[in-house]
Amino acid sequence: MESTIHATQAIVTLDVPIPEIIWGWMITLNMWAKSIGTGVILVGAFLLYRHKKDEMPNLRWIMPLLAFVFLNIFLLFTLTDLHQPYRMIHIFTHPHWTSAITVGAWMASLFLLLITIMLIIGIGEAFPGVPFKGCKLTAWGRKNGGLYDKIFPFVVFLAIPVTLYTAIIMAESSARELWQAPAEVMQMMWAAFMAGSAALILVSGNWSREARRDLAMVLAIATFFSFMMYMGEYFFSFKSAEAEATLEYVHAGGPYNIEFWFGMVLGFIIPFFIAVANMKSDNKTLLRFAAILALVGLYMAKDVWLKIPQMLPLS
Amino acid sequence: MKLGFLVDLNLCMGCKGCEIACKVENEVPLSSWRLRVKYIDIGTFPDASRSFTPLRCNHCESAPCERICPVSALHYLENGIVNVDSERCIGCAGCMMACPYGAIYMDPETNTADKCTYCAHRIESGMMPACVVICPVEANIFGDIEDDSSHISQYIMEHQGDVQVRKPEKNTHPTHFYVGGGNQTLNPLAHQRLEGYNLFNKITHLDHIGDPNHGVIDRFLAPFTHHEEHDNSSMMDWAESGNQTHEEGGH
């Protein structure tokens, strides 16, 4: 056995067990849900800029509904991942402003509040009898339809930092070298465009062909650039010895390698080609299939990128 | 005043007295360590040597854990110690992700982050940290690094050129120094963790963070239900069930 070890090699012969995955699937789900929650707003704003409202008749209520549902999933798993969930209130009573977790929690809460107002107005206008006749909340929404258009620009503006702050948390996680790159900020943005367009594709059945073509275009662009960035980091990592050692968990084969490449093929390569093809010929079923694949693949890619830096011994 | 720590690795003989003293003084639960001594074997027989490296919180002047903590549970004391307020901690584990030295753990009894505080409670009473008192060879040196006449400052001056910190490239400015260390002892990427080479086989990764008996639902129900208090004996029961560790998946 000695002959297999280089004479200058150092081997740990006694140590304590080290922690493995600290932030697990709940944080992956958290990031994935947030990408959808903010992405539908960003992509929805793009569509409203490009097309008339009549071309997307349900967008006014379904956009805040999707954002509301997925932001609540995001916040639920943020809370659930805490070892002391009831102390979440400390973020608001004892905020520490150098922490991106604090800033993000405040921004996400404000964002959700505004989304909720938009949802009440949108549902109130589209479904007068929901949730029951005489509901004061939706009646208030119907009366204040103008408020929707007033707060929407702020919501779009706020969606950007809410999308990006997780990258800042990762940058503050200075023990994990793989996350210490400006590329992470762009990856978060592309993930939001990807997830937002995919989610809206699933509800775009009665939209105009042009609106759906724009959704396919956003999906194609987002998957392309996100894939290229992953490939750049995968093949041409130039950051540090720690980042290289982290990527070994993918390069060397094993479950993370399989998950990563499944994610890349399912979530990025296949949806890209389907989306490009759909810009020419409108095939709703195929485009929905691409959207589902993109959402699944995005989860897998995020999961790998979240977990592998945590495998590396720090001391 | 800025308190600092220095370990002379030339003197350390790996007795683990400091590890035990720390455990006892701070009632650190099983499966958790504020201070640990790592054994590293370098070379092959007959040109082999064994080094011992005590590892604890570095109490960085620019501490990433303090910066990322959303509620200031990790905070600076006036003497430079990075302290933990377990009553305020929300258990987000952000500090565990930020600390480049892996010095923070999730206490399985309180489900809050914890770490070495240089025995801040003892310092307050004019005593030395427990690990310093117990060391039979005085390899642990503790004191005010801003006071030129202190033992630690004198020691640093006497050993100029041989004083190192861990991961200086992280710019955390640790106040914990080593004398007689090398790349192979202080850089975790310079040594391997291979199954079959451990004195204790299959000591690899913990597959839980915090209380292993405290699932997601329990976290929410805890204030409303009678939650059996966990102590070392309950942790031992759980460890004996064979769930504590799994084999190394390293490379």
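What you see is a predicted model; the values in this text were computed from it and never measured. (Residues numbered from 1 in each chain as written. Chains lettered and ligands numbered in written order. Predicted model: local features only at pLDDT ≥ 70, side-chain atom pairs only at ≥ 80, totals over all residues. Heavy atoms only, no water.)

Q: Explain the packing of helix 1 (residues 25–50) of chain A against helix 6 (residues 145–172) of chain A to me, please; I cannot follow it from the model alone.
A: The angle between the axes and the distance between the axes are what describe a pair of packed helices. Residues and elements named next belong to chain A. The contact between helix 1 and helix 6 brings their axes to 9 Å, and the two run at 145°. Of the two possible hands of crossing, helix 1 and helix 6 adopt the one that is left-handed. In this structure, helix 1 contributes Met31, Lys34, Thr38, Ile41, Leu42, Ala45 and Leu48 to the contact, and helix 6 contributes Phe152, Val155, Val156, Ala159, Ile160, Val162, Thr163, Tyr165, Thr166 and Met170. Within the contact of helix 1 with helix 6, the residues separate by chemical class into 13 nonpolar, 3 polar and 1 charged. (Axes fitted to C-alpha atoms, helices over the stretch in contact; angles between N-to-C directions. Helix = DSSP H or I, 4+ residues; strand = E, 2+ residues; numbered from the N terminus. Left-handed = near helix turned anticlockwise from the far one by under 90°. Contact = heavy atoms within 4.5 Å. Nonpolar A, V, L, I, M, F, W, Y, C, P; charged D, E, K, R; others polar.)

Q: What exactly am I supposed to notice about the packing of aromatic side chains here?
A: Describing an aromatic ring pair means giving the distance of the ring centres and the angle of the ring planes. Residue and element names in this part refer to chain A. Enumeration over the complete set of coordinates arrives at 27 aromatic pairs over all chains. A centroid spacing of 4.8 Å and a plane angle of 80° characterise the contact between Tyr234 and Phe235, whose relative ring orientation is edge-to-face. Residue Tyr234 is classed as buried on the basis of its relative accessible area of 7%. Taking 5.3 Å as the distance between ring centres and 80° as the angle between the ring planes, the aromatic pair formed by Phe260 and Trp261 counts as edge-to-face. You can call Trp261 partly exposed: its relative accessible area is 26%. Sitting over the face of the ring of Tyr165, Lys34 holds its NZ or CZ atom 4.7 Å from the ring centroid. (Phe/Tyr/Trp six-rings, centres within 6.5 Å; stacked < 30°, edge-to-face > 60°. Buried < 20%, exposed > 50% of the residue type's maximum accessible area, 1.4 Å probe, protein only. Lys NZ or Arg CZ within 6 Å of the ring centre and 35° of its normal.)

Q: Help me understand unusual backbone geometry in this model?
A: Most peptide bonds take the trans form, and the phi angle of most residues other than glycine is negative. All names here are of chain B. Note that the residue after Phe45, namely Pro46, is joined by a cis bond; omega there is 5°. Mapped onto the elements of the fold, Pro46 is located in the loop between strand 2 (36–44) and strand 3 (47–55). For His59, which is not glycine, the phi torsion reads 45° and is therefore positive. Residue classification places His59 among the buried positions, given a relative accessible area of 0%. Residues other than glycine seldom take positive phi values, yet Lys167 does so here, at roughly 45°. Looking at the secondary structure, you find Lys167 in the loop between strand 9 (163–164) and strand 10 (176–179).

Q: Even after reading the chapter, I still don't get the environment of Ala171 of chain A, so can you show me in this structure?
A: Residues and elements named next belong to chain A. Looking at the secondary structure, you find Ala171 in helix 6. Overall, Ala171 belongs to the partly exposed group, its relative accessible area being 36%. Spatially, the C-alpha atom of Ala171 lies 12 Å from that of Pro309, the residues being 138 residues apart in sequence. Ala171 has contacts with Trp179 and Gln180, leaving out every residue within four places of it along the chain.

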